[in-house]
Amino acid sequence: IMNQDTKLFGIMVLLAISFMVLFSVVQCSSEEEDNTPPPSIVITPKPEPEPTPAPVQYTLTVSAGEGGSVSTEGGTYDEGTSVTITATPNEGYQFVGWEGSDSTEASLTVTLGANTTLNAIFTSSQFKYLGEEYNQINKLTSHYINQKTIRYLSQDDVFKKINVPQNNPTIYWRTSVQNTVIDDFDKNGTLDVFGFWFKSTPDYEFGSIEPGKYFLYQDFFTDNPKEPIFWDTEIVWNSDLLLSDLNGDGQNEIISFNDNSHDARVWEDEGNIMPNMPTEIISIDSNLNFSKSFVGDPIKCHDASLGDVDGDGDIDIVFFPFSDDNNKFPLLYRNEGTGNFIVENLFINESLYSNYSNFFALSYDVFDLNNDGNLDIIVASRPNLKRENFYSNPPSYYEVNQNIEIFWGNGTGLFDTENKAVFNVANNYNYDLSVLGYGFSDYDLDGDVDIFITTTRAEEWRLLGLENVTVAANSGLYYNNYLIYAFRNDDNIFNDVSDEIIDIQKDMSLTKHSNFYKIYFIDIDDDGDFDLIPGKNNIDTEFEQLKLLYWENTGGQFVRRENE
């Protein structure tokens, strides 16, 4: 039995527990009924990965010009893709380079970084230029143009292929490699030969006796050359033919120079002297329409040279003529731009002229020899002459000044006789020498132009007591021989290095070797350097001309090669 106090304590405990339970229920109800929104929580969605972009693509377009094919025509490629294209020439053609690329290799790899167009360029094997390159002003000279088209055209080739019937026993037609030029006149992709025929006697006793003829031999170097075409001219003795585009129409004109009294002067056949003619300019278009015209006064010369002497972009003519009533001193034919010429004195200090009968020179050329962008003139006649008897009275300038001279150009077309470099050949053989022509090459690879000179022994037959010039020629004393000189350019001072670098520098054997009028530098053996090539050999000789004669460049030394 619980006592009263115990009972009361129990009731109080139950009440306390009930209160606590009731408080908890009320509190929970109050929390559930609280409509206050909870704090806002923003969950940023994870970004969706961007799709991989499509690769950048470029178009490669490849084509082939006439004369060959390419390994691919191109297509569309992803950026950075490397594509190799190979150009293959057809038979009779050579690969030249790529239009759209500076590469000259037939196999070309391009990495695409832009739309690219390439065209493989081919040319007939006859046209690929293997010669030495020069600055732009030199590429406009007649020397460079002849070097571009030089081929091994021997005297034998000329006589056998260009065979004019000799119907009249008292007349004989002859020509000379010297009096030919080579170009694709009819634009059919093969080279043609244009030249001059001399009309003489079978024994050449009286030289050229009547006006000659021009001829054009199409496709000369092919297996099927065409019959020659002939045109009349009033020129009796053609001293040189040169090529140049005088009027800017893209077609080379032929410039014909003359000395009609040449043989009469040599042979002293005074009753047979023919009047000299002006310089003749000949045009032949691709349809073989032929036209010719004279420019200037009658003028006789042994040589001439073409180039942009006044720096205006067209081609001028320089003369050092023989003395006659019309022209005694050097002349500039200044091209007005259309093939029309204004004739001026070449030198500004004409007071020097009064001391001499004339300024006639056997050979001269215009070329930029100091790399200043202006054409200079190298000129000589009979250097280091062993005798003092002169042809003229008063003497000519180059009979007194027996040197090789370079007159420095300034781009105006006019020259100062005091502004020049002077040097000479070492005439150790005590010969009478005639300078016939020049060649230009940076053979020592130092960046400047070195000079090569071709000369011939030219003893005066009268002084030798010989019967005539033919006897002298057949004796090897008068032409029909060569001596080559080389001058290294050391800061525009020209030092004779002939003995150091030229093998068989002279040949007087009168067996195979004639004189020649030009020297060219061409990579004839395809080894990357430029070999010395004789050009424009002598007219008619009694010995067979070598069909292949050159000096191989072997590290700056030139070794003579024959029939290789």
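Small disclaimer: the values here were computed from a predicted structure and weren't measured. (Residues numbered from 1 in each chain as written. Predicted model: local features only at pLDDT ≥ 70, side-chain atom pairs only at ≥ 80, totals over all residues. Heavy atoms only, no water.)

Concerning the overall build of the protein chain
Reasoning step 1: Along the backbone of the protein chain there are eight helices and 33 strands.
Reasoning step 2: For the protein chain, buried positions account for 50% of its 564 residues.
Reasoning step 3: In the protein chain, the share of contacts with a sequence separation of at least 24, taken over all contacts with a separation of at least 6, comes to 57%.
Reasoning step 4: Of the roughly 26500 Å² of accessible surface on the protein chain, a fraction of 50% belongs to carbon and sulfur atoms. (Helix = DSSP H or I, 4+ residues; strand = E, 2+ residues; numbered from the N terminus. Buried < 20%, exposed > 50% of the residue type's maximum accessible area, 1.4 Å probe, protein only. Contact = heavy atoms within 4.5 Å. Areas by Shrake-Rupley, 256 points an atom, 1.4 Å probe, with all protein chains shown as cover.)

Some details on helix 2 (residues 142-149)
Helical geometry: 3.6 residues make up each α-helical turn, so side chains three or four residues apart lie on a common side.
Reasoning step 1: Here helix 2 lies mainly inside the structure; seven of its eight residues are buried.
Reasoning step 2: Every buried residue of helix 2 is listed here: Ser142, His143, Tyr144, Ile145, Asn146, Gln147 and Thr149.

Digging into the pattern of salt bridges
Reasoning step 1: Throughout the structure, instances matching the rule amount to eleven salt bridges.
Reasoning step 2: A salt bridge links Glu280 to Lys292; the shortest N-O distance between them is 3.4 Å. With Glu280 in strand 15 (residues 279-284) and Lys292 in strand 16 (residues 290-295), this residue pair connects regions lying twelve residues apart in the sequence.
Reasoning step 3: Exposure remark for Glu280: the relative accessible area of 1% places this residue in the buried category.
Reasoning step 4: Of the residues examined, Lys292 reaches a relative accessible area of 34% and is grouped as partly exposed.
Reasoning step 5: Residue Glu552 is joined to Arg561 by a salt bridge in which the shortest nitrogen-to-oxygen separation is 2.8 Å.
Reasoning step 6: For Arg561, a relative accessible area of 22% gives the class partly exposed.
Reasoning step 7: Taken together, the shared-partner salt bridges in this structure form one network comprising Asp310, Arg334 and Glu344. (Salt bridge = Lys/Arg side-chain N within 4 Å of Asp/Glu carboxyl O.)

Points about the sheet that holds strand 3 (residues 74-78)
Reasoning step 1: Here four strands make up an open sheet; going across it, the order is 3-1-7-5 and the pairing mixed. Strands with a single pairing partner mark the edges of an open sheet, and in this sheet they are strand 3 and strand 5 (93-99). Shown here is a sheet whose adjacent strand axes are inclined to one another by a mean of 20°, direction ignored. (Pairing = 2+ DSSP bridges. Axes fitted to C-alpha atoms, helices over the stretch in contact; angles between N-to-C directions.)

Some points on the side chain of Gln147
Reasoning step 1: The residue Gln147 is located in helix 2 in this model.
Reasoning step 2: According to the relative accessible area criterion, Gln147 is buried, its value standing at 1%.

Comments concerning unusual backbone geometry
Reasoning step 1: Positive phi, normally seen in glycine, also occurs at Asn371, with a value near 60°.
Reasoning step 2: With respect to the secondary-structure elements, Asn371 resides in the loop between strand 21 (363-367) and strand 22 (376-380).
Reasoning step 3: Judged by its relative accessible area of 40%, Asn371 falls in the partly exposed class.
Reasoning step 4: With a phi angle near 70°, Asn492 is a residue other than glycine that sits in the positive phi range.
Reasoning step 5: Mapped onto the elements, Asn492 comes out in the loop between strand 27 (482-490) and strand 28 (493-496).

Points about the nonpolar core
Reasoning step 1: Within the largest apolar cluster, 38 residues are counted, with the highest numbers of intra-cluster contacts made by Phe257, Val318, Phe319, Phe320, Phe359 and Tyr364.
Reasoning step 2: For this core, the elements supplying multiple residues, two or more each, are strand 14 (253-258), strand 18 (316-319), strand 19 (331-335), strand 21, strand 22 and helix 5 (397-400).
Reasoning step 3: Excluding anything up to four places from it in sequence, Phe319 contacts Phe257, Thr279, Ile299, Cys301, Asp303, Ala304, Pro330, Leu331, Tyr333 and Tyr364.
Reasoning step 4: In this structure, Ile378, Val425, Tyr438 and Val449 belong to the second largest nonpolar core, which totals 25 residues. (Core = buried A, V, L, I, M, F, W, Y, C linked by side-chain atoms within 4.5 Å.)

Section: the pairing of strand 31 (residues 531-537)
Reasoning step 1: With seven of its seven residues buried, strand 31 lies for the most part within the structure.
Reasoning step 2: Sheet topology places strand 30 (residues 516-522) next to strand 31; six bridges connect them, and they run antiparallel. Paired with Phe516 across the two strands is Asn537, which belongs to strand 31.

Re the confidence of the model for the protein chain
Reasoning step 1: Looking at the protein chain as a whole, its pLDDT mean stands at 82, while 76% of the residues score no less than 70.
Reasoning step 2: This stretch, residues 265-269, has a pLDDT under 50; its non-local contacts, to residues over four places away or in other chains, come to 16 contacts. (pLDDT = per-residue confidence, 0-100.)

A short note on the sheet that holds strand 4 (residues 82-89)
Reasoning step 1: In space, the three strands of this open sheet follow the order 2-4-6, with antiparallel pairing throughout. In the strand order of this sheet, the two ends are held by strand 2 (68-70) and strand 6 (107-111), each with one partner. On average, each strand axis in the sheet is tilted by 20° relative to the strand beside it, whichever way the strands run.
Reasoning step 2: Alignment of strand 4 against strand 6, held across five bridges, turns out to be antiparallel. Residue pairing in the sheet places Val83 in a bridge with Val110 of strand 6.

Points about the packing of aromatic side chains
Reasoning step 1: Applying the stated criterion to the full structure yields 39 aromatic pairs.
Reasoning step 2: When the centroid spacing of 5.1 Å and the interplanar angle of 80° are considered together, the rings of Tyr217 and Phe220 count as edge-to-face. Here the two residues Tyr217 and Phe220 agree in accessibility, since each one is buried.
Reasoning step 3: Summarising the aromatic geometry, the rings of Phe516 and Trp551 are spaced 6.4 Å apart at their centres and angled 55° between planes, so their arrangement reads as tilted. Placement of the pair is Phe516 in strand 30 and Trp551 in strand 32 (residues 549-553), with a sequence separation of 35 residues. A single burial state applies to Phe516 and to Trp551, both of which are buried.
Reasoning step 4: Members of the aromatic cluster, each reached through a chain of ring pairs, are Phe320, Phe329, Phe347, Tyr356, Phe359, Tyr364, Tyr397, Tyr398 and Phe407. (Phe/Tyr/Trp six-rings, centres within 6.5 Å; stacked < 30°, edge-to-face > 60°.)

Some words on the side chain of Asn179
Reasoning step 1: The residue Asn179 is located in the loop between strand 8 (172-174) and strand 9 (180-183) in this model.
Reasoning step 2: There is a polar contact of 2.7 Å between the side chain of Asn179 and the backbone oxygen of Asn238.
Reasoning step 3: The residues touching Asn179, leaving out its near neighbours within four places in the chain, are Phe194, Gly195, Phe196, Phe198, Asn238, Ser239, Asp240 and Leu241. (Polar contact = N/O pair within 3.5 Å; in protein donor to acceptor, adjacent residues only side chain to side chain.)

Quick look at the environment of Ile524
Reasoning step 1: Relative to the assigned elements, Ile524 resides in the loop between strand 30 and strand 31.
Reasoning step 2: For the pair Ile524 and Gly131, spaced 393 residues apart in the sequence, the C-alpha separation amounts to 8.5 Å.

Comments concerning the environment of Gly68
Reasoning step 1: Of note, Gly68 is situated in strand 2.
Reasoning step 2: Relative accessible area serves as the criterion here: at 17%, Gly68 is assigned to the buried category.
Reasoning step 3: Between the C-alpha atom of Gly68 and that of Thr88, which follows or precedes it by 20 residues, the distance is 5.5 Å.
Reasoning step 4: What Gly68 contacts, discounting residues up to four positions off in sequence, is Thr88, Pro89, Asn90 and Phe122.

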